[in-house]
Amino acid sequence: MKKIVSQFVLIITLVTLITLALPTAAFAQAGEPAEAGGMEVLLAQWVGLTGFAGLIALLINVLKSVGVVKEGQAGNWSTGLNLLGLIGLYALRFYRPEIDPGAIDIQVKTFVDFGMVVFSFILQLISAKGMHALVRGAPVIGKSYSLERAEALRTPLVG
């Protein structure tokens with residue numbers, strides 16, 4: 001099943017890339033040169049959108065943490081999400097060429113930066129709780145002195 005899904009993603013990716021590589025008449029009609037819809041420009045613009053790349057990485061890591069993305073599937077998810085992003089960029093350039101993807105990318109990058117901090121903090125809390133449960137009975141690590149201190153405070157000072 002895993003091999004079939006990988007082959008399907010590869011075929012869809014190749015068909016989409018070939019389709020996107022063809023110059024469209026719509027770009028030429030809009031007064032832009034036909035090569036503006038070409039694959040080189042589109043891929044160069046996609047590679048420059050680092051906020052979206054970070055968003056894909058963050059999304060895959062969150063999905064891994066909750067068990068949606070299984071071991072060894074991250075590459076397929078990354079390919080699929082990058083393909084969706086590339087198609088989205090193409091659609092944006094086709095239907096709304098006045099919108100600057102770079103401006104959107106800056107806001108996405110800010111969200112990703114904040115999301116990474118929150119995600120890391122949540123993982124830190126979860127792992128700290130798990131680590132405490134793991135070393136609770138160890139003779140030196142995980143020793144609590146709170147009971148001894150409480151008894152020492154309750155003992156009256158005789159003087």
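Position numbers for residues start from 1 in each chain and track the written sequence from start to end. Reporting in this predicted model follows two pLDDT cut-offs: at least 70 for local features of residues, and 80 or more for side-chain atom pairs to be given and counted; totals over whole chains, interfaces and linings ignore these cut-offs and use all residues. With hydrogens and water stripped out, all remaining heavy atoms of the structure feed into the side-chain values.

Topic: helix H4 (residues 50-65)
Note: α-helices contain 3.6 residues per turn, so residues at a spacing of three or four share the same orientation.
Then step 1. Helix and strand assignments come from DSSP, with helices taken as H or I runs of at least 4 residues and strands as E runs of at least 2, each series counted from the N terminus. Given a helix with a known number of residues, its expected span is that number minus one, times 1.5 Å. A rise of 1.5 Å per residue sets the reference length of H4, with its 16 residues, at 22 Å; its end C-alpha atoms lie 23 Å apart and thus fit the reference within 8%.
Then step 2. Taken as a whole, H4 has its buried residues at Gly51, Ile56, Leu58, Ile60 and Leu63.
Then step 3. Positive backbone phi, at 90°, marks glycine 67, one or two positions downstream of H4. Three exposure classes are used, based on accessible area relative to the maximum for each residue type with a 1.4 Å probe and protein chains only: buried under 20%, partly exposed in between, and exposed over 50%.

A few points about the confidence of the model for the protein chain
Then step 1. The pLDDT score gives, residue by residue, the confidence of the prediction method on a 0 to 100 scale. Scored by pLDDT, the protein chain comes out at a mean of 76, with 65% of its residues at no less than 70.
Then step 2. Pairs of residues are marked as contacts when any of their non-hydrogen atoms sit within 4.5 Å. Note on residues 23-35: pLDDT under 50 across the span, and 12 contacts to partners over four residues away in sequence or across chains.

Brief notes about helix H3 (residues 39-48)
Then step 1. Residues of H3 that are buried: Met39, Leu42 and Trp46. The buried residues of H3 occupy an angular sector of 70° when the element is viewed end-on, so they sit on one face. Turned more than 90 degrees off the buried face of H3, the exposed positions are Glu40, Ala44 and Val47. By definition, the arc is the one covered by directions from the helix axis to the C-beta atoms.

Focus on the layout of surface pockets
Then step 1. Throughout, the protein atoms alone are placed on a 1 Å grid, and a set of points is a cavity if a 1.4 Å probe fits but cannot get out or a pocket if it is open with protein on both sides within 12 Å along at least five of seven lines; lining residues have an atom within 4 Å of a point. Grid points are joined across faces, edges and corners, and a volume is the space filled by probe spheres set on the points. Empty space within the largest pocket amounts to approximately 190 Å³.
Then step 2. Every residue lining the largest pocket is counted, 14 residues in all, and those nearest its centre are Trp46, Phe52, Gly85, Gly88 and Leu89.
Then step 3. Looking at the lining of the largest pocket, the elements with two or more residues in it are H4, helix H5 (74-95) and helix H6 (101-135).
Then step 4. Per-element tally for the lining of the largest pocket: the top contributor is H5, with six residues.
Then step 5. Within the lining of the largest pocket, the residues separate by chemical class into 12 nonpolar, two polar and no charged. In the scheme used here, Gly and all other residues not listed as nonpolar or charged are polar, with Ala, Val, Leu, Ile, Met, Phe, Trp, Tyr, Cys and Pro taken as nonpolar and Asp, Glu, Lys and Arg as charged.

Observations regarding the pattern of salt bridges
Then step 1. The salt bridge criterion pairs a side-chain nitrogen of Lys or Arg with a carboxyl oxygen of Asp or Glu, the two atoms within 4 Å. Taken as a whole and assessed by the stated rule, the structure comprises two salt bridges.
Then step 2. Put simply, arginine 96 and glutamate 98 hold a salt bridge, and the shortest N to O gap is 2.7 Å.
Then step 3. For arginine 96, a relative accessible area of 44% corresponds to the partly exposed category.
Then step 4. Here lysine 109 and aspartate 113 are joined by a salt bridge, their closest N and O atoms 3.3 Å apart.

A closer look at the nonpolar core
Then step 1. Here the nonpolar core consists of buried residues drawn from Ala, Val, Leu, Ile, Met, Phe, Trp, Tyr and Cys, with membership extended through side-chain atoms lying within 4.5 Å. Counting 10 residues, the largest nonpolar core consists of Met39, Leu42, Trp46, Leu49, Ile56, Ile60, Leu81, Leu86, Leu89 and Tyr90.
Then step 2. Those elements giving two or more residues to this core turn out to be H3, H4 and H5.
Then step 3. Examining the composition of this core, we find that four residues originate from one element, H5, more than from any other.

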